[in-house]
Structures are given as structure tokens and as C-alpha cells.
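# Close look at the chain arrangement
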Amino acid sequence: MLTDKLIVDNNKLIAEFTGRDKAYDERDRIYHYHESWDWLMPVIKKIESMGFYVSIMKSNITCCKDGGISPVFEEYDYKDKLETTWLAVTAFIKWYNKQ
């Protein structure tokens with residue numbers, strides 16, 4: 001279940017990763033990564049531009065380094081494809097930031 005805190009925290013994380021400089025205002029829900037493909041797909045494109053392959057199939061998201069077989073991360077079986085992808089993107093960013 002997605003809590004407001006999880007949504008806010010993950011959207012802030014994505015915004016920082018993408019370089020958005022507009023301050024987050026929780027009341028206005030400025031960042032809509034969790035609810036809009038229009039917001040989320042540019043993040044997927046950025047991940048792919050960094051040399052990663054992202055596969056989105058039904059509610060299963062896999063990310064591999066280009067040419068690699070072993071996934072860097074996988075997320076699956078959440079509410080729907082958008083939610084699963086959003087959670088996978090945040091998991092990738094957390095993993096990437098630790099590298």
C-alpha cells in the first residue's frame with residue numbers, strides 16, 4: 001500500500017535524480033511520477049541513456065546493464081503497471097546512488 005510519505009519521499013528522490021530544481025510542495029503535488037506516464041517515462045529514458053536496459057512487461061519491471069543478463073533490479077506484482085514501474089524506478093535510483 002502506498003502511503004503519502006512513501007509517495008512524497010519517492011517523488012522527491014526521482015526529482016533529484018532527474019535534476020528538477022522546483023521545490024516540492026506537498027499540498028500542490030507538484031511531482032506526479034507516481035500517477036502519470038508522462039512524468040515517469042522521461043525518467044525511464046534517462047536510465048536507459050545511462051547504459052541500462054529497462055523492460056516493462058505487464059506488472060514485471062526488469063533493469064539490466066546494457067548487454068547484461070543478470071538484472072540490476074526487478075519489481076513485480078503491485079497494483080498496476082504504472083505503480084510497479086514507479087516503484088522500480090525508485091528502487092533503481094536507490095541502488096544507483098549506493099554505487
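Residues numbered from 1 in each chain as written. Predicted model: local features only at pLDDT ≥ 70, side-chain atom pairs only at ≥ 80, totals over all residues. Heavy atoms only, no water.

## A short note on the nonpolar core
- Ranked by internal contacts, the top residues of the largest apolar core, which has 22 residues, are Tyr33, Ile47 and Val89.
- For this core, the secondary-structure elements that each account for two or more residues are α1 (4–18), α2 (37–49), β1 (52–57), β2 (60–65) and α3 (81–98).
- Here the element with the most residues in this core is α3; it accounts for seven residues. (Core = buried A, V, L, I, M, F, W, Y, C linked by side-chain atoms within 4.5 Å. Buried < 20%, exposed > 50% of the residue type's maximum accessible area, 1.4 Å probe, protein only. Helix = DSSP H or I, 4+ residues; strand = E, 2+ residues; numbered from the N terminus.)

## Remarks on the side chain of asparagine 10
- Here asparagine 10 shows up in helix α1.
- With a relative accessible area of 3%, asparagine 10 lands in the buried category.
- Ignoring any residue separated from it by four or fewer positions in sequence, one finds asparagine 10 in contact with Trp86, Leu87, Thr90 and Lys94. (Contact = heavy atoms within 4.5 Å.)

## Quick notes on the pattern of salt bridges
- Here the structure, examined in full by the defined rule, presents one salt bridge.
- Linking lysine 5 and aspartate 9 is a salt bridge whose minimum nitrogen-to-oxygen distance equals 2.7 Å. One end of the pair, lysine 5, and the other, aspartate 9, are both in helix α1, four residues apart, so they sit about a helical turn from each other. (Salt bridge = Lys/Arg side-chain N within 4 Å of Asp/Glu carboxyl O.)

## Let's talk about the confidence of the model for the chain
- Residues at a pLDDT of 70 or more form 77% of the chain, whose mean pLDDT is 81.
- The least confident element of the chain, judged by mean pLDDT, is strand β3 (residues 71–76) at 68; the most confident is α2 at 94. (pLDDT = per-residue confidence, 0-100.)

## A word on the packing of aromatic side chains
- What the rule picks out here adds up to nine aromatic pairs.
- Considering the side-chain rings of phenylalanine 17 and tyrosine 96, the 6.2 Å spacing of their centres and the 80 degrees angle between planes classify their relative orientation as edge-to-face. Of this pair, phenylalanine 17 sits in helix α1 while tyrosine 96 sits in helix α3, and the two are 79 residues apart along the sequence.
- When the centroid spacing of 5.9 Å and the interplanar angle of 90 degrees are considered together, the rings of phenylalanine 52 and tryptophan 95 count as edge-to-face. Here phenylalanine 52 is found in strand β1, whereas its partner tryptophan 95 is found in helix α3, with 43 residues between them in sequence. (Phe/Tyr/Trp six-rings, centres within 6.5 Å; stacked < 30°, edge-to-face > 60°.)

## A short note on the packing of α1 against α2
- Between α1 and α2, the least distance of the axes is 11 Å, while the angle of their chain directions is 50 degrees. Considering the angle they form, α1 stands oblique to α2. Two packed elements cross with a definite hand, and for α1 against α2 that hand is left-handed. On α2, the residues that touch Ile14, Phe17 and Thr18 of α1 are Val43, Lys46 and Ile47.
- Residues that form the contact of α1 with α2 fall into these classes: four nonpolar, one polar and one charged. (Axes fitted to C-alpha atoms, helices over the stretch in contact; angles between N-to-C directions. Parallel < 35°, antiparallel > 145°, perpendicular 65-115°, else oblique. Left-handed = near helix turned anticlockwise from the far one by under 90°. Nonpolar A, V, L, I, M, F, W, Y, C, P; charged D, E, K, R; others polar.)

## Side note on the packing of α2 against α3
- Remark: α2 packs on α3, axes separated minimally by 11 Å, with the N-to-C direction vectors making an angle of 40 degrees. Relative to α3, α2 is oriented oblique. For the pair α2 and α3, the sense of crossing is left-handed. Residues Trp37, Leu40, Val43, Ile44 and Ile47 of α2 form the contact with α3, whose participating residues are Lys81, Leu82, Thr85, Trp86, Val89 and Phe92.
- Split into classes, the residues belonging to the contact of α2 with α3 amount to nine nonpolar, one polar and one charged.

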